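Observations on the three-dimensional arrangement
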Amino acid sequence: LLDVRTVAQRQEHIEWYKNPPNIYFRYGCLEEALSDCAKQFADGTRLKRCLIVTDKVMSTLGFVDRVRNRLQDEGFAVSVFDDVEPDPGMATIRKGVLACEMFKPDLMVCLGGGSPMDAGKFIRLKYESPNLSIEDAAARFLELRKRTS
């Protein structure tokens, strides 16, 4: 005998990851990538304000100036947030969100390693969704075999 009321059913949880439409890699791709950011959309609008999220090392080495100059050549107003430290905490994220609120970017370029990339993603998320809590943003990993109802 099988009591169907006590049999668990597997629940399919939709998970997704959205890749950018273009991924640029190899030597010399920077100029092409930044030029593509300046292209007009189908409705005739284009991005105009860019926030560069990075760390002090990238600024010191001159990479920020190179990106900023190229963006300005493409007609962007550019601001730089270079206060990202290794393993950034919520204080860094709050400072980055404040920089966004003051500058109001419609494009964000994260320049550097994992810390600027991670900080930039969360800064953008909190800037675009200010009421989002950390708990809502951080999804606990769920083992597929253990999802039941």
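Residues numbered from 1 in each chain as written. Predicted model: local features only at pLDDT ≥ 70, side-chain atom pairs only at ≥ 80, totals over all residues. Heavy atoms only, no water.

Some points on the side chain of Ser115
- Topologically, Ser115 is positioned in helix H5 (residues 114–128).
- Overall, Ser115 belongs to the buried group, its relative accessible area being 18%.
- Setting aside residues up to four positions removed in sequence, Ser115 forms contacts with Val84, Glu85, Pro86, Asp87 and Pro88. (Helix = DSSP H or I, 4+ residues; strand = E, 2+ residues; numbered from the N terminus. Buried < 20%, exposed > 50% of the residue type's maximum accessible area, 1.4 Å probe, protein only. Contact = heavy atoms within 4.5 Å.)

Structural notes on the sheet that holds strand E1 (residues 49–53)
- With parallel pairing, the 3 strands of this open sheet are ordered in space as E2-E1-E3. Only two strands of the sheet have a single neighbouring strand rather than two, namely strand E2 (77–81) and strand E3 (107–110). Within the sheet, the average angular offset between the axes of one strand and its neighbour, ignoring direction, is 20°.
- Here E1 pairs with E2 via 5 bridges, running parallel. Looking at the pairing, Leu51 lines up with Ser79 of E2.
- Running at roughly 160° to E3, H5 makes contact with E1, E2 and E3 of the sheet. (Pairing = 2+ DSSP bridges. Axes fitted to C-alpha atoms, helices over the stretch in contact; angles between N-to-C directions.)

Quick notes on the nonpolar core
- Cys50, Ile52, Val67, Leu71 and Phe76 are the most contacted members of the largest nonpolar core, which has 14 residues in total.
- Contributing elements (two or more residues each) for this core: E1, helix H3 (63–73) and E3.
- Tallying contributions element by element places H3 first for this core, with 3 residues.
- The residues contacting Phe76, other than those within four sequence positions of it, are Cys37, Ala38, Arg46, Leu47, Lys48, Arg49, Cys50, Leu71 and Leu107. (Core = buried A, V, L, I, M, F, W, Y, C linked by side-chain atoms within 4.5 Å.)

Concerning unusual backbone geometry
- The residue Asp87 is not glycine, and still its phi comes out positive at about 50°.
- By the secondary structure assignment, Asp87 is in the loop between E2 and helix H4 (90–103).
- Phi is positive for Lys104, which is not a glycine, with a value near 60°.
- Relative to the elements of secondary structure, Lys104 occurs in the loop between H4 and E3.

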